[in-house]
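Here is how the chains run, residue by residue.
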Amino acid sequence: MLTDYRIRQRDHLLEIVRALTQRLDLDAVLTRILRAASEMLQAEAGLIALREEDIPGGRFGLSAHYRVSPEFILHFERILREAPSAPSDDPTAYVIREIERRLHVVARVGGFDLAGTVGLPLETRGHLIGLLLVFRATAAPYARNERQILQAFADHAAIAVTNARLYEQVTQEKRQLDAILDGSADGILIMDSGHHLQRWNRALARLTGTSASQAVGSGHDELIRWDKREPGPDLADAEARGWPFGQDAPLYVEGDLIRSNGTPVAVGITYAPIFDRQHRLAHVVANIRDITRFREAEELKSTFISIISHELK
């Protein structure tokens, strides 16, 4: 049977965990972790250093701080910059031991009182992703139960940081994809395996006269309609013959596409499949290029050859 004190500790921890899991913004997650740690440890200040993601075994960088003096921040950032890379056998223990040693040096030289400092490693799946340091006024010892609560908090904090970083990475990749799609000179559409349109870029809107808001959610055949088409299979014909499962090579279709105002435009469409891990068709990306100038160039070339041939005769 849990005592009232331990029940309050457990409830407080659960409240903090719920607050962390509801946030995906990395800065907000780090701020919440610092404040929660300060509340739990009755600390006056705290900071979080995260490992640089793109550097294997890389160094740490100061990512968030709470009521820490600017002077100490400068000292701590120098510690992080000068700390050597961790060996592969036990990086967590090595990094914490090395930073602790350097903090003692800073405390002696700079006159900082770090006796009540509590350091918690932020680990997920055996990988050290960051360090949480909180600074208390006194160096009171902890009971076993309190250390377990702190470790549980650190584990959940590490998961929250990892989730926020993943969300930030996905968001950044989406921004990059949006920029690529909207900045492309060619029309690009993305549809699911059921041919429902999910993306329709600006170039395609200009080419067809149909805006993205009108196109997204519609079916492929509702908007990609041919006035006339060059010999060869279109998307429906190719899929009836097994594309793209028989071969995952892109499918090329050329012809005169009917625009929203009813007038045709000469285009070449390249369809490329995207499969999931189970090799099921997930999406189809289509690159739609206006080939009107190519057609005109071919006609001029044919006319020129005909005229020269006639004159030679």
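Basis of the calculations
Residues numbered from 1 in each chain as written. Predicted model: local features only at pLDDT ≥ 70, side-chain atom pairs only at ≥ 80, totals over all residues. Heavy atoms only, no water. Phe/Tyr/Trp six-rings, centres within 6.5 Å; stacked < 30°, edge-to-face > 60°. Helix = DSSP H or I, 4+ residues; strand = E, 2+ residues; numbered from the N terminus. Buried < 20%, exposed > 50% of the residue type's maximum accessible area, 1.4 Å probe, protein only. Salt bridge = Lys/Arg side-chain N within 4 Å of Asp/Glu carboxyl O. Core = buried A, V, L, I, M, F, W, Y, C linked by side-chain atoms within 4.5 Å. Contact = heavy atoms within 4.5 Å. Pairing = 2+ DSSP bridges. Axes fitted to C-alpha atoms, helices over the stretch in contact; angles between N-to-C directions.

### A closer look at the packing of aromatic side chains
The geometry of an aromatic ring pair is captured by two quantities: the separation of the ring centres and the angle between the planes.
And step 1. Enumeration over the complete set of coordinates arrives at 3 aromatic pairs.
And step 2. Taking 5.8 Å as the distance between ring centres and 55° as the angle between the ring planes, the aromatic pair formed by F245 and F275 counts as tilted. Here F245 is found in the loop between α9 (235–240) and β8 (251–258), whereas its partner F275 is found in strand β9 (residues 264–275), with 30 residues between them in sequence.
And step 3. The class of F275 is partly exposed, set by a relative accessible area of 21%.
And step 4. Among the aromatic residues, those joined into a cluster by ring pairs are F72, F76 and F135.

### Quick notes on unusual backbone geometry
And step 1. For the peptide bond that leads from W243 to P244, omega is 5°, which places it in the cis range.
And step 2. Assignment of secondary structure puts P244 in the loop between α9 and β8.
And step 3. The residue R67 is not glycine, and still its phi comes out positive at about 60°.
And step 4. By the element assignment, R67 lies in the loop between β2 (60–66) and α3 (70–82).
And step 5. Exposure remark for R67: the relative accessible area of 63% places this residue in the exposed category.
And step 6. The phi dihedral of H195 falls on the positive side, at around 70°, and the residue is not glycine.
And step 7. Position of H195 relative to the elements: it lies in the loop between β5 (187–192) and β6 (197–200).

### Comments concerning the pattern of salt bridges
And step 1. In this structure the tally under the stated criterion is 6 salt bridges.
And step 2. Of the charged contacts, one joins D178 and R199 as a salt bridge, the two residues approaching to 2.7 Å between their closest N and O atoms. With D178 in helix α5 (residues 144–183) and R199 in strand β6, this residue pair connects regions lying 21 residues apart in the sequence.
And step 3. With relative accessibility at 19%, the residue D178 sits in the buried group.
And step 4. Given the relative accessible area of 24%, R199 is considered partly exposed.
And step 5. For the salt bridge of D256 with K228, the shortest nitrogen-to-oxygen distance reads 3.9 Å. Taken as a pair, D256 in strand β8 and K228 in strand β7 (residues 226–229) lie far apart in primary sequence, 28 residues in all.
And step 6. The exposure class of D256 is buried, given its relative accessible area of 10%.
And step 7. The exposed category is assigned to K228, whose relative accessible area is 53%.
And step 8. It is possible to trace a salt-bridge network through shared partners that takes in K174, D178 and R199.

### Quick word on the nonpolar core
Taken as a class, soluble globular proteins show a tendency for nonpolar side chains to be buried jointly.
And step 1. If you look at the biggest cluster of nonpolar residues, it comprises 26 residues, and the most contacted ones within it are I33, I48, L122, L132 and V161.
And step 2. Residues contacting V161, with those up to four places away along its chain left out, are L26, V29, L30, I33, L50 and I129.
And step 3. In this structure, M191, W200, L223 and L235 belong to the second largest nonpolar core, which totals 24 residues.

### Observations concerning the side chain of S184
And step 1. Counting through the fold element by element, S184 comes out in the loop between α5 and β5.
And step 2. Excluding residues that lie within four positions of it along the chain, S184 makes contacts with N201 and A203.

### What to know about the sheet that holds strand β4 (residues 127–136)
And step 1. Taking strand neighbours across the sheet as the criterion, the 4 strands line up as β2-β1-β4-β3 in an open arrangement whose pairing is antiparallel. At either margin of the open sheet sits one strand with a lone partner, and together these are β2 and β3 (116–124). Ignoring which end each strand starts from, the neighbouring axes of this sheet average 20° apart.
And step 2. Relative to β4, strand β1 (residues 45–51) is paired through 6 bridges, and the arrangement is antiparallel. Pairing of A49 across the sheet is with L131, part of β4.
And step 3. Across the face of the sheet, α3 comes into contact with β1, β2 and β4 while running at roughly 155° to β2.

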